[in-house]
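# Geometric and topological summary
Below, each chain spelled out in residue letters.
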Amino acid sequence: MTFDLFDDLPPSGPDLPTTEPLADGAMVLRGIARPEAGVLLADVQAITTAAPWRHMITPGGLKMSVAMTNCGDAGWVSDARGYRYDPIDPLSGKPWPEMPASFRQLATTAAAQAGFAGFEPDACLINRYEPGTRLSLHQDRDERDFDAPIVSVSLGLPAIFLFGGMRRADRPQRLRLAHGDVVVWGGPSRLAYHGVAPLADGDHPLLGRLRINLTFRKAR
Ligand code: SIN
Ligand code: FE2
């Protein structure tokens, strides 16, 4: 970690904590993706040219309000058959776009900073939220093993992230995630329930009325 990473942040004391513990194995790394946001968003743009945004259908037949796409060796997909990781984009019939170096590097750096050295994601789910879009409480459990953490990057409009416990009924913490914030959860928190409250409207300098989230996993 170098001090350049914080060039883009508002002035703060050198020892102001940028890491906020959430639970055992879970933390928020404030603003760490901000300096690279422009590159990340250009890479998102290129990915969506090859693998366009789509609203997936849940196994129960509901259209998700979050628009999604993927990059990496496998992409998370949902349809009438269920949830799974698929090396092929069902929309294009081709492999998902490769994971850009900018994505991989950020995910590995953030994981290491949160105590998970050696994280090598093979899948990145890209979520797009418009005002009103929400993601209900769920666990990320379609991955083959749960040793690797989840690394989740927020870009654009701020959102209220819900971070619960191991049971759906556990009352979630509500935390505001701003542009550049990264949440990492693994170890004892790997299967924590989480979600996103309906996005409030706003106007972000880079993304206008959108929030984009990158979720890195080791899927296979
Ligand atoms: C997810 O759980 O897949 C996304 C979480 C987020 O958008 O912050
Ligand atoms: Fe998730």
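Residues numbered from 1 in each chain as written. Chains lettered and ligands numbered in written order. Predicted model: local features only at pLDDT ≥ 70, side-chain atom pairs only at ≥ 80, totals over all residues. Heavy atoms only, no water.

To continue, consider the coordination of the iron ion (ligand 2). Note on the iron ion (ligand 2): its protein donors are His138 (NE2), Asp140 (OD) and His194 (NE2). The metal-donor distances range over 2.1 to 2.2 Å. Seen from the iron ion (ligand 2), its four donor atoms lie at angles of 88 to 174°, and the figure they make is irregular. The sequence pattern formed by the donor residues of the iron ion (ligand 2) is H-x1-D-x53-H. Placement of the pair is Asp140 in the loop between β7 (135-138) and β8 (150-156) and His194 in strand β12 (residues 194-196), with a sequence separation of 54 residues. With relative accessibility at 4%, the residue His194 sits in the buried group. (Donors = N, O, S within 2.8 Å, 3.2 Å for Na, K, Ca; no water. Tetrahedral: all angles 85-135°; square planar, octahedral: opposite > 155°, others 65-115°. Helix = DSSP H or I, 4+ residues; strand = E, 2+ residues; numbered from the N terminus. Buried < 20%, exposed > 50% of the residue type's maximum accessible area, 1.4 Å probe, protein only.)

Attention now goes to the pattern of salt bridges. Pairs may arise between side chains of opposite charge once their charged atoms sit close together. In this structure the tally under the stated criterion is twelve salt bridges. Among the ionic pairs, Asp79 bridges to Arg84, the shortest N-O distance being 3.0 Å. Taking the relative accessible area as the measure of exposure, Asp79 reaches 22% and is therefore partly exposed. Here Arg217 makes a salt bridge to Asp140, at a shortest N to O gap of 3.0 Å. Within this pair, whereas Arg217 is found in strand β13 (residues 211-217), its partner Asp140 is found in the loop between β7 and β8, the two being separated by 77 residues in sequence. Each of the salt bridges in this network shares a partner with another, and the network as a whole consists of Asp140, Glu143, Arg190 and Arg217. (Salt bridge = Lys/Arg side-chain N within 4 Å of Asp/Glu carboxyl O.)

What follows concerns the site of ligand 1. Taken together, the neighbourhood of ligand 1 is formed by Asn127, Tyr129, Leu135, His138, Ser152, Phe161, His194, Val196, Arg211, Asn213, Thr215 and Arg217. Tyr129 places a polar side-chain atom, nitrogen or oxygen, 2.5 Å from an oxygen atom of ligand 1. Residue His194 places a side-chain N or O atom 3.0 Å away from an oxygen atom belonging to ligand 1. Starting from 260 Å² of accessible surface for ligand 1 in isolation, the protein chains cover 99%. Looking at the shell around ligand 1, the elements that each hand over two or more residues are β6 (123-129), β7, β12 and β13. For the shell around ligand 1, the leading source of residues is β13, giving four residues. Its residues assigned to classes, the shell around ligand 1 comprises four nonpolar, six polar and two charged. (Near = heavy atom within 4 Å. Polar contact = N/O pair within 3.5 Å; in protein donor to acceptor, adjacent residues only side chain to side chain. Areas by Shrake-Rupley, 256 points an atom, 1.4 Å probe, with all protein chains shown as cover. Nonpolar A, V, L, I, M, F, W, Y, C, P; charged D, E, K, R; others polar.)

This part is about the sheet that holds strand β11 (residues 182-185). Reading across from one edge, β1-β2-β11-β8-β13-β6-β3 is the order of the seven strands in this open sheet, with antiparallel pairing throughout. One side of each edge strand has no neighbouring strand; the edge strands of this open sheet are β1 (19-23) and β3 (67-72). The average angle at which neighbouring strand axes cross in this sheet is 20°, direction not considered. Across four bridges, strand β2 (residues 26-29) lies against β11 in antiparallel orientation. Pairing of Met27 across the sheet is with Val184, part of β11. Sitting on the sheet, helix α1 (residues 37-50) is in contact with β3, β6, β8 and β13, with an inclination near 100° to β3. The strands touched by helix α2 (residues 101-113) are β1, β2, β3, β6, β8, β11 and β13; relative to β8, the strand with the most contacts, the crossing angle is about 120°. (Pairing = 2+ DSSP bridges. Axes fitted to C-alpha atoms, helices over the stretch in contact; angles between N-to-C directions. Contact = heavy atoms within 4.5 Å.)

Let us look at the confidence of the model for the protein chain. Mean pLDDT for the protein chain: 93, with 92% of residues reaching 70 or above. In the model, residues 1-9 has pLDDT below 50 throughout and makes ten contacts with residues more than four positions away in sequence or in other chains. Confidence drops under a pLDDT of 50 for residues 11-15, and excluding neighbours within four residues, the segment shows zero contacts in the predicted structure. (pLDDT = per-residue confidence, 0-100.)

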